[in-house]
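# Coordinate analysis (summary)
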Amino acid sequence: RVNWMMRGSMLSQVRRMRLTYRHPQPLRRPFARSVMDNALSVDKRLVRTSFDRAAAGYDAAAVLQHEVCKRMFGRLELIKLEPAALLDAGCGTGNATAQLQSRFPRATLYSLDIAPAMLRHAMGRSSWWQRARGRAPKPVCADIEHLPLRSQALDLVWSNLALQWVNDPPHA
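Residues numbered from 1 in each chain as written. Predicted model: local features only at pLDDT ≥ 70, side-chain atom pairs only at ≥ 80, totals over all residues. Heavy atoms only, no water.

### Concerning the pattern of salt bridges
The condition is simple: Salt bridge, as used here: a side-chain nitrogen of Lys or Arg that lies within 4 Å of a carboxyl oxygen of Asp or Glu. A simple rule labels every residue: compare its accessible area, found with a 1.4 Å probe on the protein chains alone, to the largest value its type can have, and call it buried under 20%, exposed over 50%, or partly exposed in between. Every helix listed is a DSSP run of H or I at least four residues long, and every strand listed is a run of E at least two residues long, numbered separately from the N terminus.
Summed over all chains, the structure comprises eight salt bridges. In this structure, Asp43 engages Arg45 in a salt bridge whose closest nitrogen and oxygen atoms are separated by 3.9 Å. Looking at Asp43, the relative accessible area reads 15%, which means it is buried. The salt bridge partner of Lys44 is Glu145, with a shortest N-O separation of 2.7 Å. You can see Lys44 sitting in helix H2 (residues 44-54) and its partner Glu145 sitting in the loop between strand S5 (138-141) and strand S6 (156-158), a full 101 residues away along the chain. By relative accessible area, Lys44 is classed as buried at 17%. The network of salt bridges with common partners includes Lys44, Asp143 and Glu145.

### Some remarks on the sheet that holds strand S3 (residues 85-89)
Put simply, the rule reads: Strand pairing is assigned whenever DSSP identifies at least 2 bridges connecting the two strands. For helices, the axis comes from a line fit to the C-alpha atoms of the stretch in contact; other axes are also lines fit to C-alpha atoms, and the angle between any two N-to-C directions lies between 0 and 180 degrees.
Strand order in the open sheet made by the four strands is S5-S4-S3-S6, with parallel pairing throughout. Only two strands of the sheet have a single partner each, and these edge strands are S5 and S6. Strand after strand, the sheet turns through a mean of 25° between neighbouring axes, direction not considered.

### Thoughts on the packing of aromatic side chains
So the rule is basically this: Classification of ring pairs rests on two measures: the distance between centres of Phe, Tyr or Trp rings, Trp counted by its six-membered ring, which must be within 6.5 Å, and the angle between planes, read as stacked under 30 degrees, edge-to-face over 60 and tilted in between.
Summed over the entire model, instances satisfying the criterion amount to three aromatic pairs. An angle of 65° between the planes, with centres 6.0 Å apart, marks the rings of Phe51 and Tyr58 as edge-to-face. By relative accessible area, Tyr58 is classed as buried at 18%. Aromatic rings pair up to connect Phe51, Tyr58 and Trp165 into one cluster.

### Overview of unusual backbone geometry
Unlike most non-glycine residues, Gln152 shows phi in positive territory, near 60°. Residue position: Gln152 is located in the loop between S5 and S6. Positive phi, close to 55°, is recorded for Leu161, a residue that is not glycine. Along the chain, Leu161 falls in the segment after S6. The class for Leu161 is partly exposed, based on a relative accessible area of 33%.

### Regarding a nonpolar patch on the surface
Here is the rule we go by: Only residues whose relative accessible area exceeds 30% and that form no salt bridge are eligible for patches; like-charged ones are grouped when within 9 Å, while nonpolar side chains (Val, Leu, Ile, Met, Phe, Trp, Tyr) are grouped when within 5 Å. With residues, only the protein chains shown are counted as cover, and all accessible areas are computed by Shrake-Rupley using a 1.4 Å probe.
On the surface, Leu78, Ile79 and Leu81 cluster together to form a nonpolar patch covering roughly 270 Å² of accessible area. Mapped onto the elements of the fold, Ile79 is located in the loop between helix H4 (63-76) and S3. Under the relative-accessibility criterion, Ile79 is labelled partly exposed at 34%.

### Topic: the pairing of S3
Basically, it comes down to this: The handedness rule is simple: strands pointing away from the viewer, and a clockwise path from the first strand over the helix to the second, make the crossover right-handed.
Burial of S3 is extensive: five of the five residues sit out of reach of the surface. The side-chain alternation of S3 yields two buried faces, one formed by Ala85, Leu87 and Ala89 and the other by Leu86 and Asp88. In the sheet, S3 pairs with strand S4 (residues 108-113) via five bridges, with the strands oriented parallel. Within S4, the residue paired with Leu86 across the bridge is Leu109. With helix H5 (residues 97-103) bridging S3 and the parallel S4, this β-α-β connection has right-handed handedness. Of the pairings in the sheet, the one linking S3 to S6 comprises three bridges and is parallel in character. Residue pairing for S6: Asp88 is matched across the bridge by Trp158.

Structure, rendered in structure tokens:
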């Protein structure tokens, strides 16, 4: 009986070693394989943690994001819409907030991000008089795929390089 228990415990150690060898850092990758269909899926907890840690120095490193944002604003002039409610989906540090507010001055702007530290940084960009007048963006800390807003509450959605963090783009 003792011999059987030792073999069982050694077997489980060998299995753990094999699993560790196959996947040396399974929780550090933002994409994990699904057991059901082998599709890649985003680990939202890891994304949130990573962006929380990066929030303080994100703007200095986000060269691509700033360039894409600038080009998107160039195209935004083609849209002849005056939304009452606007969502900045994946707002990050809020680098587009001021331009969105100047382009759509009458719209209520909702700034959404999955990382609380990024959202705090974005809200810090609003001046005290914007907050006093109620013109500051409304912060929403949530996942893009599970918006805590009622259906058809938005007239326009702005998103700059956030869709790669979505597991199911057609339903987001």
